[in-house]
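# Secondary and tertiary structure notes
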Amino acid sequence: MTIVRNSEMRRELTVGEVAERSGVAVSTLHFYEAKGLIRSNRSRGNQRRYPRSVLRRVAVIKVAQRTGIPLAEIQAALTVLPDDRPLTVQDWARLSESWHEQLNERIASLMALRDHLTSCIGCGCLSLRECPLRNPHDVLSMEGAGPRLMDATEEDGQP
């Protein structure tokens, strides 16, 4: 973190201003900063000051999170972009393109889950033998009789 002069601080935002303008809690901004997603400078009084470009960066983080992109992947993608300027249309195009295939895979997986969900619980028996979600192709039958998943968690000391 860098110490900034008062004349430079007028162009920067306090953590409260960033929180208000971005719709993100102050604690979330601190968390993002700790994870390396955003950066701040410190005033002479050791208060955080953010460049205005952080607003666009926070918006990108929020959109990526809404789509299910893990923070570690968001952080990795943002590290290749400069911190000293707002993200551009070209930056966003590169980021969104890098996540496009992953989102398509997630959508296909969720659609398959949705399509199998009713067949899994339709009879009400909760049978692991027939459930395509918990025991596809009845692979658990090779481990023996009974509720194999329940037995395994009890042996591991997990509920």
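Source: prediction; values computed, not measured.

## A look at helix H3 (residues 26-34)
- Residues Leu29, Tyr32 and Glu33 constitute the buried set of H3. Down the axis of H3, the buried set is contained in an arc of 100 degrees. They therefore lie on one face. Exposed and oriented more than 90 degrees from the buried face of H3 are Ser27 and Ala34.
- Of the surrounding elements, those touching the buried residues of H3 are helix H2 (15-22), strand S3 (48-51), helix H4 (54-66) and helix H5 (71-79).
- Once H3 finishes, Gly36 follows within two positions and takes phi at roughly 85 degrees, a positive value.

## What about the packing of H4 against H5?
- The interhelical angle for the contact between H4 and H5, taken along N-to-C directions, is 140 degrees, at an axis separation of 10 Å. Considering their axes alone, H4 and H5 lie oblique with respect to each other. The crossing of H4 and H5 is right-handed. Together, Arg57, Ile61, Ala64 and Gln65 of H4 and Leu71, Ile74 and Leu78 of H5 make up the contact between the two elements.
- For the contact of H4 with H5, the class distribution of residues is five nonpolar, one polar and one charged.

## Quick word on the confidence of the model for the protein chain
- For the protein chain, the average pLDDT comes to 79, and 71% of its residues sit at 70 or higher.
- For residues 151-159, every residue scores under 50 in pLDDT, and the model assigns this stretch two contacts once sequence neighbours within four places are set aside.

## Some remarks on the nonpolar core
- Judged by nonpolar contacts, the single largest core of 24 residues is most densely connected at Leu29, Ile38, Ile74 and Leu78.
- For this core, the elements supplying multiple residues, two or more each, are H2, H3, H4, H5 and helix H6 (89-121).
- With near-sequence residues (within four places) excluded, Ile74 lies in contact with Leu37, Ile61, Ala64, Gln65, Ile69 and Trp99.

## What about H4?
- With 13 residues, H4 should cover 18 Å at 1.5 Å per step; its first-to-last C-alpha distance of 18 Å lies within 8% of that length.
- Gly68 sits one or two positions beyond H4 and adopts a positive phi of about 95 degrees.

## Quick word on the packing of H2 against H3
- In the contact formed by H2 and H3, the axes pass within 9 Å of each other and the chain directions differ by 105 degrees. Taken together, the axes of H2 and H3 are roughly perpendicular relative to one another. Where H2 approaches H3, its residues Val15, Gly16, Val18 and Ala19 are matched on the opposing element by Val26, Leu29 and His30.
- Grouping the constituent residues of the contact of H2 with H3 by class yields five nonpolar, two polar and no charged.

## A word on the packing of aromatic side chains
- Under the counting rule described, the total for this entry stands at one aromatic pair.
- An angle of 70 degrees between the planes, with centres 6.5 Å apart, marks the rings of Trp92 and Trp99 as edge-to-face.

## Examining the sheet that holds strand S1 (residues 12-14)
- Reading across the sheet, the three strands line up as S1-S3-S2 and stay open at both edges, with antiparallel pairing between neighbours. Only two strands of the sheet have a single partner each, and these edge strands are S1 and strand S2 (41-42).
- In the sheet, S1 pairs with S3 via three bridges, with the strands oriented antiparallel. Across the sheet, the residue bridging to Glu12 is Pro51, located in S3.

## Observations regarding the side chain of Ser22
- Within the secondary structure, Ser22 is located in helix H2.
- Each residue touching Ser22, except ones within four places of it in the same chain, is listed here: Leu55, Val58 and Lys62.

What counts and what doesn't
Residues numbered from 1 in each chain as written. Predicted model: local features only at pLDDT ≥ 70, side-chain atom pairs only at ≥ 80, totals over all residues. Heavy atoms only, no water. Buried < 20%, exposed > 50% of the residue type's maximum accessible area, 1.4 Å probe, protein only. Helix = DSSP H or I, 4+ residues; strand = E, 2+ residues; numbered from the N terminus. Arc of directions from axis to C-beta. Contact = heavy atoms within 4.5 Å. Axes fitted to C-alpha atoms, helices over the stretch in contact; angles between N-to-C directions. Parallel < 35°, antiparallel > 145°, perpendicular 65-115°, else oblique. Left-handed = near helix turned anticlockwise from the far one by under 90°. Nonpolar A, V, L, I, M, F, W, Y, C, P; charged D, E, K, R; others polar. pLDDT = per-residue confidence, 0-100. Core = buried A, V, L, I, M, F, W, Y, C linked by side-chain atoms within 4.5 Å. Expected span 1.5 Å × (residues − 1). Phe/Tyr/Trp six-rings, centres within 6.5 Å; stacked < 30°, edge-to-face > 60°. Pairing = 2+ DSSP bridges.

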